[in-house]
Amino acid sequence: SLAVQRLNRIQNHLDLLLADAQTGSSRVILEEADPHWINVTNDLRFLKNGQEFLWSSERDGFRHLYRYSADGRQLAQLTRGDWEVTEVTGVDETAGQVFYLSTQESPLERHLYRVKPDGRPPQKLSKAPGVYSVSMAPGCAYYLASFSDLTTPPRRTLHRSDGTEWAVFQESDRKPLETYDLLPAEIVQVKAPDATPLQARLLKPAGFQPGKKYPAIVVVYGCLL
């Protein structure tokens with residue numbers, strides 16, 4: 001079978017179909033609908049030789065992971081809460097583990113977690129507060145993690161699947177911080193018209209003087225920059 005995701009033009013209805021590669025016939029096994037918008041991801045992963053699959057959805061207001069049978073029956077919800085799964089980084093079927101990045105700790109951070117496909121509570125693997133990106137090795141025995149925060153340039157380390165650090169791949173390059181007059185970035189909160197708190201990053205120019213007016217460049221985008 002060939003798996004196909006079909007999205008309508010206004011991007012508020014998504015179908016997952018299984019198509020027969022020989023006959024061309026197809027059937028819808030899963031549908032997602034939203035009155036406004038559906039975000040499309042690459043989180044679809046087939047398990048158990050195609051008999052099950054991993055799926056992510058924002059149906060409860062936050063993107064979370066679900067496990068389905070090949071006929072479209074929901075078997076388990078792997079994650080839940082007022083936070084987002086931002087990326088599935090790997091699936092280890094032998095050990096029964098799904099690795100993912102999420103905002104569970106803070107909307108300003110990205111941490112690595114692993115969870116069992118039966119929906120048991122996830123385990124956090126990353127340690128220091130900040131933002132992580134992860135590249136998993138085939139089989140998920142090891143992964144390369146890139147870490148940074150407001151004062152730390154990216155530092156890359158190799159880890160075992162349980163999160164323990166195995167080796168340093170690349171230390172942070174702090175030369176730009178030492179060479180240039182770069183002031184630390186600040187996180188500030190502004191409120192939307194409905195009082196929803198919005199996070200912003202404030203970068204001040206070299207030689208900044210409190211009380212003095214400066215021109216400002218405002219960049220608005222719906223992701224962590």
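Description of the pairing of strand β5 (residues 52–57)
Side-chain direction in a regular strand flips from residue to residue, so the side chains alternate between the two faces of the sheet. In terms of burial, β5 is a largely internal element, 6 of the 6 residues being buried. Alternating positions in β5 separate into two faces, E52, L54 and S56 on one and F53, W55 and S57 on the other, with burial throughout. The pairing of strand β4 (residues 45–47) with β5 spans 3 bridges and is antiparallel. The residue of β5 that forms the bridge with F46 is F53. With antiparallel pairing between neighbouring strands as the criterion, β4 and β5 make up a hairpin whose turn holds 4 residues, including K48 at a positive phi of roughly 50°. Examined bridge by bridge, β5 and strand β6 (residues 64–69) share 6 bridges and lie antiparallel to one another. Looking at the pairing, W55 lines up with Y66 of β6. Linking two consecutive strands that pair antiparallel, namely β5 and β6, is a turn of 6 residues; a positive phi of about 105° is found at G61 within it.

Observations concerning the sheet that holds strand β11 (residues 123–124)
Strand order across the open sheet formed by 4 strands is β8-β9-β10-β11, with antiparallel pairing between neighbours. One side of each edge strand has no neighbouring strand; the edge strands of this open sheet are β8 (85–92) and β11. Pairing between β8 and strand β9 (residues 97–102): 6 bridges, direction antiparallel. When the sheet's bridge partners are listed, E87 is paired in β9 with L101.

Brief notes about the pairing of strand β13 (residues 142–148)
Bridging between strand β12 (residues 131–136) and β13 involves 6 bridges; their strand directions are antiparallel. When the bridges of β13 are listed, V131 appears paired with S148. Here β12 folds back onto β13 in antiparallel fashion, the turn holding 5 residues, of which G139 has a positive phi close to 90°. Note: β13 against strand β14 (residues 155–160), 6 bridges, orientation antiparallel. Paired with L144 across the two strands is L158, which belongs to β14. The loop that links β13 with its antiparallel partner β14 comprises 6 residues.

Observations concerning the side chain of T89
Tracing the backbone through its elements, the reader meets T89 in strand β8. Residues within four places of T89 in sequence aside, it is in contact with F99, Y100, L101, L112, V134 and M136.

Let's talk about the pattern of salt bridges
Scanning all chains against the criterion turns up 11 salt bridges. The partner of R59 in a salt bridge is E32, with the nearest N and O atoms 2.4 Å apart. Of this pair, R59 sits in the loop between β5 and β6 while E32 sits in strand β3 (residues 26–33), placing them 27 residues apart in sequence. Here R59 falls in the partly exposed class, since its relative accessible area comes to 37%. By relative accessible area, which is 9% here, E32 ends up buried.

How each quantity is defined
Residues numbered from 1 in each chain as written. Predicted model: local features only at pLDDT ≥ 70, side-chain atom pairs only at ≥ 80, totals over all residues. Heavy atoms only, no water. Buried < 20%, exposed > 50% of the residue type's maximum accessible area, 1.4 Å probe, protein only. Helix = DSSP H or I, 4+ residues; strand = E, 2+ residues; numbered from the N terminus. Pairing = 2+ DSSP bridges. Contact = heavy atoms within 4.5 Å. Salt bridge = Lys/Arg side-chain N within 4 Å of Asp/Glu carboxyl O.

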